[in-house]
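# Topology and contacts: notes
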Amino acid sequence: MTSSGLPVLVHCSAKRPSISIPSSPKFDDFKGRLSSAFKPFLKEIQQLPMRMDVAVKDTSLKLVDAFVDSVFQIVDQPLIPSQSNFAPVDELKEAVQVTNMQGEIPDDFPEGVYIRNGPNPIFGALTSTSSMFGRTGSVWVEGEGMLHALYFCRGHDGSWTVVYKNRYVETETLKLEKHRSRHSFLPATEGDSPAVLSAYLLNLMRFGKANKQLNNTNVFEHGGKMYSVAENDKPQEINILTLQTLDDWDVNGAWNRPFSSHPKKAPGTGELVIVGVDVMKPFVVLGVISADGKKLLHQVDLKLNRCSLLHDVGVTPRYNVVMDLPITIDLKRLVRGGSLFKYESDGGSRIGVMPRYGDADSIQWFKVKPNCTYHLFNCFEDGDEVKSWPDHGQISSICHNCSVLLHTPLEPARILSSLTDIHWECSCFNLEQVVMWGCRALESIIPGPEKGENKFDWFSRKLRPIKSSEGSIDEESEDQLIFPRPYEWRLNRKTGDVKERNLAGTEFAMDFPFINEAFIGLQNKYGFSQVRDSVASSASGMAKYGGLAKLYFGEQSPESYLREEQGLIKVEYHMFEKNTFCSGSAFVPKDEGVDEDDGWVITFVHNEDTNTSQVLIIDAKSFTSKPVAKITLPFRVPYGFHGAFMQLVLAIWFLDSLQAMFPALSHVVVIEL
Ligand SMILES: [Fe+2]
């Protein structure tokens, strides 16, 4: 999601909802209207099975469809020209070889596949409804998920073959929509409260789900399998070669609730830490899945008293790090006439640190300044002494007990993977601080404006550049609040103290952070993020990312030093050509790499002037230099959310498959210098 790429739909289980609905004049009026409108259909509705079943085409469903058709008017939400690359594309029938390239794919680039997920709306996304209950509207993030994949395959002679493919994530709701071949789910995220609630209930009655399964936000690997995921349902396993959707991943039946978009592999064990947010209690459940993906090792209700939208979770060698922030989904608020989604800065913000297999009672909560943070760079454990700015741009803190851990970043991963038991005994793990780095804003970009305000105007105003010579945000100016900046929280487990600071100024908003994933949970030196083009974003009313940033966590910004502003770190930028914007950026580690930034940044970009989509490969060590390769795709790739590179040994058996598809395949990519 955009700080933004966040899926904002609500999962609802197949059970009928049982919420305590408060009485109010507004709600009584709504109940009256709902009751009279539904009365002719009530008997039929009550007999509907409350489960998803593609085959259900009985009279009852037709009657409810007739009710929806007669009551809800569907209105398209057209895109304006500057939003053209948010429009969906057709699904390709087969993979296509890509031969148009500038530069060269490096010899030591790993074989594998770069996959990006994103919304590709069909069947009613990008529509609004108006009815006797009021208006509801779609938000862009609600489109059905489509995967875009670029396969990098090295031939026997060392030459590269590059193949592009896209494919919808075939969820059960997409199958249902295809079967019906018509607008099915009513938009149930933003709009007038009675209209959102009636859409929510009608979706539930007709399809057993309040919203369609999006599966449009991220892709990840675990236990040798690849999954696509979005917040509002379980992940879908994907065949990495064909992009065919295989099945829901419920961890052998043990996990039966939504699954957040950014699960994290714990350092050392390789266990996967997940959270699942639901609109009904328990609101947030944390799980730990075995490294092979076959067993749910731990599952615990965090016992939050609100449905906080946890989009990301942090891990360290010993802890899970969870955010309880005041961006909430609340059905009671909806029936009282408020928004289903809302950010309330005075609602309290806190970060919880819990042992890997802890429970709600073992969470140590740290109250932090109000914020809305969707994405994390990383979390790690640190010593209690902080050196302000050590020489040579090394690190920002030192553990007295084990300097090796912090001075040689590649070592911890090796130690943890091979000598885990010994390392747990090492005193270097007497680290009192848990550090979290994320992209922090002061307001949520979703769900958008409150009732009555023009949506485009709101986003256009909120996304415009910040004019701040001091590098700070005016927290009194509401126009500056959805400006995400790299941020550090230091949580002292011994004293309970919290130290917070911005890591970068206000020249660029930054989001969609990523790192070398070998360092997840361990102190790292470099982070990367997408850089928002505030002018273009404001003009289109949609967040667009016109470049990339490389953050040096252990080095002070030279400009900051000159201005005597302590705390801001060094940042390098790689900006694209004019009117070119990226999505799905990821780090590709170099085989046999020594340094943390030995590797490449890979990203999808689209040039809106030429309507051309490319994949760029940028040397992470020479970040400001021009890309080492620009691969021009034969089809447009819309902007999307998160991407990942997964190494695969493709050369031997996959090339055979490719040759079957492309008899004339030469295994040589045409290089245009
Ligand atoms: Fe995300």
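Please read these numbers as outputs of a predicted model, since none were measured by experiment.

## A closer look at the overall build of the chain
Secondary structure assignment for the chain yields 14 helices and 38 strands. Across the chain, every contact between residues at least 6 apart in sequence was considered, and the portion connecting residues at least 24 apart equals 67%.

## Description of the confidence of the model for the chain
Considering every residue of the chain, the mean pLDDT works out to 81; 77% of them sit at 70 or more. Note on residues 663-673: pLDDT under 50 across the span, and 24 contacts to partners over four residues away in sequence or across chains.

## Things to note about the sheet that holds strand β13 (residues 245-248)
Strand pairing in a sheet relies on backbone hydrogen bonds, with the paired strands running either antiparallel or parallel. The strand order across the open sheet formed by four strands is β10-β11-β12-β13, and the pairing between neighbours is antiparallel. Looking at the sheet topology across the chains shown, the edges are occupied by β10 (218-222) and β13. In this sheet, adjacent strand axes meet at a mean angle of 35° when their direction is disregarded. Where strand β11 (residues 225-229) meets strand β12 (residues 236-238), three bridges bridge the pair, whose relative direction is antiparallel.

## Points about helix α5 (residues 172-180)
Considered for burial, the residues of α5 that qualify are Glu172, Thr173, Leu174, Leu176 and Glu177. Structurally, α5 contributes buried residues whose contacts are with β8 (160-168) and α6 (193-207). In the stretch just after α5, Ser181 is the one whose phi turns positive, near 50°.

## Considering unusual backbone geometry
Note that the residue after Lys281, namely Pro282, is joined by a cis bond; omega there is -5°. By the element assignment, Pro282 lies in the loop between β15 (272-277) and β16 (284-289). With phi around 55°, Val251 is a residue other than glycine that occupies positive phi space. Turning to its location among the elements, Val251 is positioned in the loop between β13 and β14 (264-265). According to the C-beta neighbour criterion, Val251 is buried, with 22 such atoms within 10 Å.

## Looking at the sheet that holds strand β28 (residues 485-492)
Pairing is antiparallel in the open sheet, where four strands are placed in the order β24-β27-β28-β29. Both edges of this open sheet fall to β24 (372-382) and β29 (498-502), since each of them pairs with a single strand only. Between one strand and the next, the sheet's axes are offset by a mean angle of 20°, whatever the strand orientation. The pairing of β28 with β29 spans five bridges and is classified as antiparallel.

## Focus: the nonpolar core
Within the largest apolar cluster, 161 residues are counted, with the highest numbers of intra-cluster contacts made by Tyr114, Leu150, Val275, Val321, Met436 and Ile602. Element by element, the count of residues in this core is highest for α6, at nine residues. Each residue touching Leu150, except ones within four places of it in the same chain, is listed here: Val113, Tyr114, Val162, Tyr164 and Val615.

## Brief notes about the environment of Phe380
Here Phe380 is to be found in strand β24. For the pair Phe380 and Trp437, spaced 57 residues apart in sequence, the C-alpha to C-alpha distance is 9.0 Å.

## A word on the environment of Arg206
Note that Arg206 resides in helix α6. By C-beta crowding, Arg206 is classed as buried, having 21 other C-beta atoms within 10 Å. Through-space distance from the C-alpha of Arg206 to that of Ser184 is 9.1 Å; in sequence the pair is 22 residues apart. Setting aside anything within four residues of it in sequence, one finds Arg206 in contact with Leu61 and Val64.

## Some words on the environment of Lys295
In this fold, Lys295 is placed in the loop between β16 and β17 (296-301). Sequence separation of Lys295 and Val251 is 44 residues, and the distance between their C-alpha atoms is 6.1 Å.

Cut-offs applied
- Residues numbered from 1 in each chain as written.
- Predicted model: local features only at pLDDT ≥ 70, side-chain atom pairs only at ≥ 80, totals over all residues.
- Helix = DSSP H or I, 4+ residues; strand = E, 2+ residues; numbered from the N terminus.
- Contact = placed C-beta atoms within 7 Å.
- pLDDT = per-residue confidence, 0-100.
- Pairing = 2+ DSSP bridges.
- Axes fitted to C-alpha atoms, helices over the stretch in contact; angles between N-to-C directions.
- Buried ≥ 20, exposed ≤ 12 C-beta atoms within 10 Å, placed from the backbone.
- Core = buried A, V, L, I, M, F, W, Y, C linked by C-beta atoms within 7 Å.

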